[in-house]
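# Structural overview for review
This is what each chain is made of:
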Amino acid sequence: MAKSFDYITYGTTCDAGEVERFMDHLWASNQALEDQGRPQTPLCIWGRHGIGKTDLVAAMAARHGAAFVAIAPAQFEEMGDLMGMPVVRETADGAATHMAPPAWVPRTDGPGILLVDDVNRADDRILRGLMQLFQDFELAGWSLPRRWQIVLTANPDGGDYSVTPMDDAMLTRMLHVTMRFDATRWAQWADGAGIDPRGVAFVLAYPEVVSGERTTPRTLVQFFERIAGIDDLGANLELVTILGESCLDKATVSAFLAYVQDGLGDVVTPEEVLSGKGYQAKLQRLLSAEPPRVDVLSAVCTRLALHLGRRTKSLKKGELEGLRGFLTFEGVPEDMRLALAQQLSALPAKLGVAKLFGDPTLARLLLSLRIA
């Protein structure tokens, strides 16, 4: 698992959803500043490797219909890779040397986002060269086009990362926020991205396994994508082990194998709950285990709530019946039912979930929630 370090990061530590809201605010704020002829300020997102910083920025660009350009200054070996190359141009005052911007520099007006990825993995010379770009949005005679914003990502200082510390002159040229991994936020993304539901349930049940040296959200996705075609994980433990140890810490692999050997790899999915079929025997196994596997059942409830939260159309009569059957299934702990009912009661009215609470058992449950 991950070693303990006194990592140095900057700004408030937030989950991905909070970072997303912060970026959206800055998007509008920076555009307003540019309209007023005032300077923008880049944003630097700090965080450990593999937690989705780069993907979050790319998703923001897509969400705003913005162009997206990403550079990795750690790959820049010469100042020309950053600043461009000198060319001689004829002007009214005679020939003069100008810098032709490198190919990565945007040529057309935005909206757009320039991502400077893993900025502090660049060497000190390149970092110092970037300072003018962060301050003035221009460098060596060329400028970023209008409506372009700069976002950076960085790994923490003070630990096992091979990074170049940034001094105060560099740090004060940008705003900062630190992103942390949040299992529920990740599961919301993973469920929509079609990640193997057994993997999503595993992470929700054991979020502590995500923080490792090699185990990260990114490497877990690599693993879950490789096991997606294996229907019976328990019958293929040797292959699952090899796949796991190809990208994860041994401790994570051991935890996943134990999860599978406990008979929990075949998890209850939201689709099964809503169909009302195929989940009852699985649910009974969770409840009859010694001790009952409330950890996995909690993950099932979380996935169900996230799945319904993404719905845009009202639930059909059969789906409502399936959901009612799950909520009233004998043996499901009362506190877990109550938590799920609370999440369901907060869903948009158009989904029609409120119809469920006409059931006397669920009505009493909702009433106890309101009294509390």
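Structure first, text after, so check above.
We now turn to the structure provided with this report. Note that the structure is predicted; figures quoted are calculated from it, not measured.

## Examining the packing of aromatic side chains
Inspection of every chain in the model, using the stated rule, returns 14 aromatic pairs. Ring geometry for F76 and W104: centres 6.2 Å apart, planes at 20°, overall stacked. A residue pair is termed long-range when its members are at least 10 positions apart, and F76 in the loop between β3 (67–71) and α3 (79–83) and W104 in the loop between β5 (94–100) and β6 (112–116) qualify at 28 residues. On the accessibility criterion, W104 (15% relative accessible area) is buried. Taken together, a centroid distance of 5.1 Å and an interplanar angle of 90° make the contact between F202 and F256 edge-to-face. Taken together, the positions of F202 in helix α7 (residues 197–205) and F256 in helix α10 (residues 250–264) put the pair 54 residues apart, joining distant regions of the chain. Residue classification places F202 among the buried positions, given a relative accessible area of 1%. According to the relative accessible area criterion, F256 is buried, its value standing at 1%. Taken together, the ring pairs in this structure connect W186, W189, F202, Y206, F223, F224, F256 and Y259 into an aromatic cluster.

## Brief notes about helix α15 (residues 334–345)
In an α-helix, one full turn covers 3.6 residues, which means residues spaced three or four apart are oriented alike. The end-to-end C-alpha separation of α15 is 16 Å, in line with the 16 Å expected for 12 residues at 1.5 Å each. Three or more residues of α15 are buried, namely M336, R337, L340, A341 and L344. All buried residues of α15 lie within an arc of 135° about the axis, which places them on one face of the element.

## Comments concerning helix α12 (residues 280–288)
K282, L283, L286 and L287 are the residues of α12 that are buried. One side of α12 holds all its buried residues, which, seen down the axis, span an arc of 135°.

## Details of the nonpolar core
Generally speaking, a soluble globular protein has its nonpolar side chains buried in company with each other. F223, F224, F256, Y259, L283, L323 and F326 are the most contacted members of the largest nonpolar core, which totals 64 residues. Looking at which element gives the most residues to this core, the answer is helix α13 (residues 294–309), with 9 residues. In contact with F224, not counting residues within four places along its chain, are W186, I195, D196, G199, F202, V203 and F256. Among the nonpolar cores identified, the runner-up in size contains 30 residues, and F76, W104, V119 and L127 belong to it.

## Examining the sheet that holds β3
Pairing between the strands of a sheet is mediated by backbone hydrogen bonds and can be parallel or antiparallel. Here 6 strands make up an open sheet; going across it, the order is β1-β10-β2-β9-β6-β3 and the pairing parallel. With partners counted over all chains shown, the strands left at the sheet margins are β1 (13–14) and β3, one partner each. By the bridge criterion, 5 bridges tie β6 to strand β9 (residues 148–154) in an arrangement that is parallel. Bridging across to β9, L114 finds its partner in I150.

## Quick notes on the side chain of D191
Turning to its location among the elements, D191 is positioned in helix α6 (residues 183–192). Classification of D191 as buried rests on a relative accessible area of 12%.

Rules and cut-offs
- Residues numbered from 1 in each chain as written.
- Predicted model: local features only at pLDDT ≥ 70, side-chain atom pairs only at ≥ 80, totals over all residues.
- Heavy atoms only, no water.
- Phe/Tyr/Trp six-rings, centres within 6.5 Å; stacked < 30°, edge-to-face > 60°.
- Helix = DSSP H or I, 4+ residues; strand = E, 2+ residues; numbered from the N terminus.
- Buried < 20%, exposed > 50% of the residue type's maximum accessible area, 1.4 Å probe, protein only.
- Expected span 1.5 Å × (residues − 1).
- Arc of directions from axis to C-beta.
- Core = buried A, V, L, I, M, F, W, Y, C linked by side-chain atoms within 4.5 Å.
- Contact = heavy atoms within 4.5 Å.
- Pairing = 2+ DSSP bridges.

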